[in-house]
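# Analysis of the macromolecular model
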Amino acid sequence: MTSHVRTDPPIEDQGLAWIEEDGRDGEIVVSSRVRLARNVQGYSFSSHATADEREALFDKAGSAAAASGVLEDVDVWEVSRLNRRDRTLLLERRLVSKELIDGPGGGPRRGAGLALARTRAFGLMVNEEDHLRLQALRGGFQLAAAWRDVDQLDEEIGARLPYAFHHEFGFLTSCPTNVGTGLRASVFIHLPGLVLTRQIRKVLEGMGQLGVTYRGLYGEGSKIVGNFFQISNQTTLGKTEEDLIDQLEVLVGRVIGYEKQARSVLLREAPNVLEDKVWRAYGLLRHARSLPFEEMMNLLSGVRLGVSLKLLDSPRVDVISRIMIRAQTAHLARSAGRRLDETDADAFRAGYVRRVLTSDDAT
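We now turn to the structure provided with this report. Note that the coordinates shown come from a computational prediction; the quantities given were computed from them, not determined experimentally.

Conventions adopted
- Residues numbered from 1 in each chain as written.
- Predicted model: local features only at pLDDT ≥ 70, side-chain atom pairs only at ≥ 80, totals over all residues.
- Heavy atoms only, no water.
- Buried < 20%, exposed > 50% of the residue type's maximum accessible area, 1.4 Å probe, protein only.
- Helix = DSSP H or I, 4+ residues; strand = E, 2+ residues; numbered from the N terminus.
- Pairing = 2+ DSSP bridges.
- Core = buried A, V, L, I, M, F, W, Y, C linked by side-chain atoms within 4.5 Å.
- Contact = heavy atoms within 4.5 Å.
- Axes fitted to C-alpha atoms, helices over the stretch in contact; angles between N-to-C directions.
- Phe/Tyr/Trp six-rings, centres within 6.5 Å; stacked < 30°, edge-to-face > 60°.
- Lys NZ or Arg CZ within 6 Å of the ring centre and 35° of its normal.
- Polar contact = N/O pair within 3.5 Å; in protein donor to acceptor, adjacent residues only side chain to side chain.

## Remarks on the pairing of strand β4 (residues 113–117)
The buried count for β4 comes to 5 of 5 residues, which makes it a mostly enclosed element. Burial of β4 is two-sided: the residues Gly113, Ala115 and Ala117 facing one way and the residues Leu114 and Leu116 facing the other way are all buried. Across 5 bridges, the pairing between strand β3 (residues 74–78) and β4 is antiparallel. Paired with Trp77 across the strands is Leu114, a residue of β4. Direction of pairing for β4 relative to strand β5 (residues 122–126): antiparallel, over a ladder of 4 bridges. In the sheet register, Leu114 faces β5, and the bridge partner there is Met125.

## With respect to the nonpolar core
Taken as a class, soluble globular proteins show a tendency for nonpolar side chains to be buried jointly. Ranked by size, the top nonpolar core spans 54 residues in total, and within it Leu285, Met296 and Ile323 carry the most contacts. At the level of elements, α2 (84–92), α3 (98–101), β4, α8 (271–287), α9 (293–308), α10 (317–326), α11 (329–336) and α12 (342–358) are the ones that each hand at least two residues to this core. Residue contacts for Leu285: discarding those within four places in its chain leaves Leu291, Met296, Leu299, Leu300, Val303, Val353, Arg354 and Leu357. Ala136, Ile157, Ala185 and Leu194 belong to the second largest nonpolar core, which has 53 residues in total.

## Looking at the sheet that holds strand β10 (residues 212–215)
The strands making up a sheet are joined through hydrogen bonds of the backbone, oriented either antiparallel or parallel. Pairing in this open sheet of 9 strands is mixed, and the strands run β1-β3-β4-β5-β6-β2-β9-β11-β10 from one edge to the other. Both outer strands of the open sheet, β1 (5–7) and β10, are each paired with one neighbouring strand and no more. Averaged over all pairs of adjacent strands, the angle between strand axes in this sheet comes to 20°, irrespective of strand direction. Note: β10 against strand β11 (residues 228–233), 4 bridges, orientation antiparallel. When the bridges of β11 are listed, Val212 appears paired with Asn233.

## Digging into the packing of aromatic side chains
Within the structure shown, the criterion is met by 5 aromatic pairs. A centroid spacing of 6.0 Å and a plane angle of 75° characterise the contact between Tyr163 and Phe171, whose relative ring orientation is edge-to-face. You can call Phe171 buried: its relative accessible area is 15%. By way of ring pairs, the aromatic residues Tyr163, Phe165 and Phe171 are connected into one cluster. Geometry around Tyr163 places Arg38 over its ring, the cationic atom sitting 5.6 Å from the centre.

## Here's the deal with the environment of Ser359
Note on placement: Ser359 falls in the segment after α12. C-alpha of Ser359 to C-alpha of Val187: the two residues are 172 residues apart in sequence and 30 Å apart in space. One polar contact links the side chain of Ser359 to the main-chain carbonyl oxygen of Val356, over a distance of 2.8 Å.

Here it is, written out as structure tokens:
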């Protein structure tokens, strides 16, 4: 089956379907993502490719995506043709990386692109660090389902574009740490219990010894805010993709167990302190007139914890996830219809959060 493709369409709600998904352990795991790094035979790696090579790769990748049945209807953007706000919108939705929208010269390189299934957060980046980054994003703890999506897409794209592969080392990538499977799987996870009980460092250090690492909101090099962490595999060589997914699932399952234990301890040993923290966060979000993004994330962390422990009846967890995306600056600027400086953005953010929390959609 051939997909129906729209080239450079307006950015609407593409890539946000995962928010509505009812994934396992959704009160703790916000989302699961799997990416595969692939390079195409006969072309220089992205860091050395000419602009003409990158343009040719973008065209080939778009054609391969169009021919893919698993993607169904596809939206394709050449990122360098998007304005700064729209590029940042895609980043805020975690559909692209900082490296894709901000190349070595400070902007996207020619040929940098994104192909995305119209109704799902599922597709591929083109001409990032590697020629292709196949990816799927799912709500809740759904690593296995995200891997099945990407595995099928990998087969379909690989049948049309010959991958750079070595019989001993596996798939060849720009960065040696990705050689082998080229797989990076991650969960975006909320761990306030471990932070508040001061166990988080021990847990994270223990994972590091088992080949797992953690990052902030936007991936490598970004800051951790609101007790939200990205936990991902470090190893890509010497194991199969299925083994890596299984190992990460087991380790994340342990972290979920530790977090649940920590929340139980807080409820048992400091219920009044916990309830006060939750309700203070909710009250500030309901009434604040200015909200910097980092402060909002910290307050949302308290509210999300309160909802999961049934200390609050609303908002729903999916509403909190929606706020996390749509209250970022580029989304607010699009709603406002103009560029926002920091002061304006903080005021618009507070107003947006108040409207959502007082609407029927929050319950």
